[in-house]
Every structure is written in C-alpha cells, then in structure tokens.
Amino acid sequence: MVSAAKKSFQNFEKGAPNYFKEIFPYESIPRVIFDSISVPLNIPSKLYVTDSTFREGQQAISYIGKENVAKIFEYLHYIDNGTGTIKYSEFFLYTNYHRQCVQECLKKRFKFPKVVGWVRSKKEELKLAKEFGLDEVGILMSCSDYHIYKKFQKTRSEIAAQYIDVIQEAFSLGITPRVHLEDITRSDIENFVIPLMLAIEEMAKKCDKKVYFKLCDTLGFGVPYEYASLPRSVPKIIYTISKSTNIPPERLEWHGHNDFYKAQSNAVCAWLYGASMVNCSIRGIGERTGIAALEVAILDLVQIKAENAPNLNFEALDELLEFTSRFEVMK
C-alpha cells in the first residue's frame, strides 16, 4: 500500500528540497519578502478557540498535577457555557501522569471542551489513544523540507506515503485525525502542503471519513502581513490553502508560536482569512515563548463575532486566570 502511494506522490518532488534561503539566510535573522499581491478577507461564519494547555503548556510547566488539570478543564467548560466556542483540549498520552490527566477529564463527560489526544506519526501511539476510547487525535506530521530532508532523511514522496499510511490506520481504529502540519511557515505551500492535503482529502473521501488540519507555525516565523510572500504570510497561507483545497473553514485550524511576538496577531489573521479554529493555551504558555493566549483570543473572537459575547462566562475566565497564576513556568 505504501509503495503504491509513494509512486503516486512523485510530483511532490517539484523544486525539492526548498529551504527558502532568500527568506531564511543562515547567517542572519529571517527576512520578510513582499510580493505586492494581496488576498481578500474570508471570515468564516463561526469562529472557535481550541485549548492546548495540557499539551503545549505541559512543555513549559514541569508539573501541574492531575487534580489541577481537572480543575482547569472544568473552568474551560464553565467559560464555554454551552456555546461550543472552546471546541476541545488536547493532551499528551506518553506518561502515566499524562494518562491519569486524560482519565480525570474524561470522567467529566463534557461536550465542550472535548478531550483530544496528541501523538507522533506512529501507529503504535494511535493504538494507545484507542485504548483510552478517544475518537479524535492530533497527529504530528512535519511538512517543511528542513524536517523531511534534513531531520528525517526522506523525500517528500516517502514522507507523504508514510503520513497517508498512518491516517489510514487511524481510520481503521475509528479515530478522526487532526493532522498537525508542523513548520508550515518554512514549507513549500504550493508544491507540497496543498498536494498533501488534497491527497489526504481524496483518501478520506473514499473511506467516507473526515480529517481536520492544524497549520502549525512551529518556530513563530509567521507574519500578519497580507502583502508578504509565502510561506511567512499568515493571510496568504490560510487563504491560499482554503481556496486551493476547498476544505471548509470548520476543518482548518491555526497554531502559532510567539518567537517574534506575533502569535496573537497571527491567530486573528487565521480567523480573518479562512480558518475557523485557533489553538491557544492559558496565559500563552508553551514551548520556548509559547503560543497565543486563550484569554486574549476569546476577547478577540467576541470583537469579531459579537453574537458570542452574551453567552460566554467571563467571571469563570477571571477565576481561571487567578487560579493558574500560581503555576511556575520553567525557565
């Protein structure tokens, strides 16, 4: 199965590997290149926040404790207040502690936020998620040539075939994949990311399944400028993918890091140009400089979609921020 898929992915090699050296010169900080091409606003009818405090955030806080995780999860539920605005919380599954946290939150039986797992692109880790009865799982799938050729020592065709194989395994286990397209702001959007997404969509359609796509600015290189060029322009990434794949906004999500202090503005751009979901963590905690802050994203969301404001519980949001102020971020 994999060898056949690999053969059909040969067109992915166009211009590969592409390290965008004019944008990422090894001897200096990255550059923003402008191409004088704008993209129009494309705001989805509904906007959502997703939570990564127990996955991304666990990389910045050494230990929260399962009781505190359960308490924070409850606060997220109270903030959402039945609106469905906070779609899910994602969790690591690797250690006994992580699995205990998942079990504590599953006991709540909340519709929102939903408990979602996170695994690497490995079949054995999908089986672990299945053991917990999780029916949605984020799967790490790096898409830049820096990862594909330098880290994995593979070609685009080989890695695409591997990713497709893992997604098929998820389907066989009754798991809906949330494909995490990592390092997207250093990736060849037109020659690899979009063809990969279309290949996944085609396969999912044949299986009568659904796939969600999380576009991950792993190193925080994204910029909120519509006139900037790919792959750094968040407006262009979202708009180009949306229009080229016809994947509905409800299945497109943004996850952006804050290395250049643009996580919050990039998150808003993702909403403005065609993605319904923005992935956040409480207080923006996460690996290195963290990601968009959930509490700020909620305020941004209700300014764009005012109809959400009356039903969200802002008192619970204040209480959550006070509760989480006690946790020490690792230095």
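In the block above lies the structure referred to throughout.
These lines cover the structure that appears in this document, whether it is placed above or below. (Residues numbered from 1 in each chain as written. Predicted model: local features only at pLDDT ≥ 70, side-chain atom pairs only at ≥ 80, totals over all residues. Heavy atoms only, no water.)

### Here we look at the pairing of strand 6 (residues 212-217)
At step 1: A large share of strand 6 lies buried, amounting to six of its six residues.
At step 2: Here strand 6 shows a buried face lined by Y212, K214 and C216 and a second buried face lined by F213, L215 and D217.
At step 3: In this structure, strand 5 (residues 176-182) lies alongside strand 6, joined through four bridges in parallel fashion. When the bridges of strand 6 are listed, H180 appears paired with K214.
At step 4: For the crossover from strand 5 across helix 7 (residues 189-206) to strand 6, the handedness is right-handed. (Buried < 20%, exposed > 50% of the residue type's maximum accessible area, 1.4 Å probe, protein only. Helix = DSSP H or I, 4+ residues; strand = E, 2+ residues; numbered from the N terminus. Pairing = 2+ DSSP bridges. Right-handed = clockwise from strand over helix to strand, strands pointing away.)

### Quick notes on unusual backbone geometry
Trans peptide bonds make up most of the peptide bonds, and negative phi angles are found at most residues other than glycine.
At step 1: Omega for the bond connecting F112 with P113 falls within 30 degrees of zero, at -10 degrees, which places this linkage in the cis form.
At step 2: Along the polypeptide, P113 turns up in the loop between helix 3 (96-106) and strand 3 (114-119).
At step 3: In this chain, L230 is followed by P231 through a cis amide linkage whose omega measures 10 degrees.
At step 4: Within the secondary structure, P231 sits in the loop between strand 6 and helix 8 (234-245).
At step 5: Even without being a glycine, N81 presents a positive backbone phi close to 55 degrees.
At step 6: Among the structural elements, N81 can be located in the loop between helix 2 (66-80) and strand 2 (86-91).
At step 7: Among the residues examined, N81 registers a relative accessible area of 46% and is labelled partly exposed.

### Quick look at the pattern of salt bridges
At step 1: Counted under the stated rule, the structure contains 21 salt bridges.
At step 2: Where E201 meets R251, a salt bridge forms, and the shortest distance between an N and an O atom there is 2.8 Å. Of the two residues, E201 is situated in helix 7 and R251 in the loop between helix 8 and strand 7 (252-256); the sequence distance between them amounts to 50 residues.
At step 3: By relative accessible area, which is 18% here, E201 ends up buried.
At step 4: Look at R251 and you get buried, because its relative accessible area is 13%.
At step 5: A salt bridge links K214 to E253; the nearest nitrogen and oxygen atoms lie 3.8 Å apart. Of this pair, K214 sits in strand 6 while E253 sits in strand 7, and the two are 39 residues apart along the sequence. Side by side, K214 and E253 carry an identical accessibility label, which is buried. (Salt bridge = Lys/Arg side-chain N within 4 Å of Asp/Glu carboxyl O.)

Honestly, that's just the spatial picture; any functional story needs more than this.
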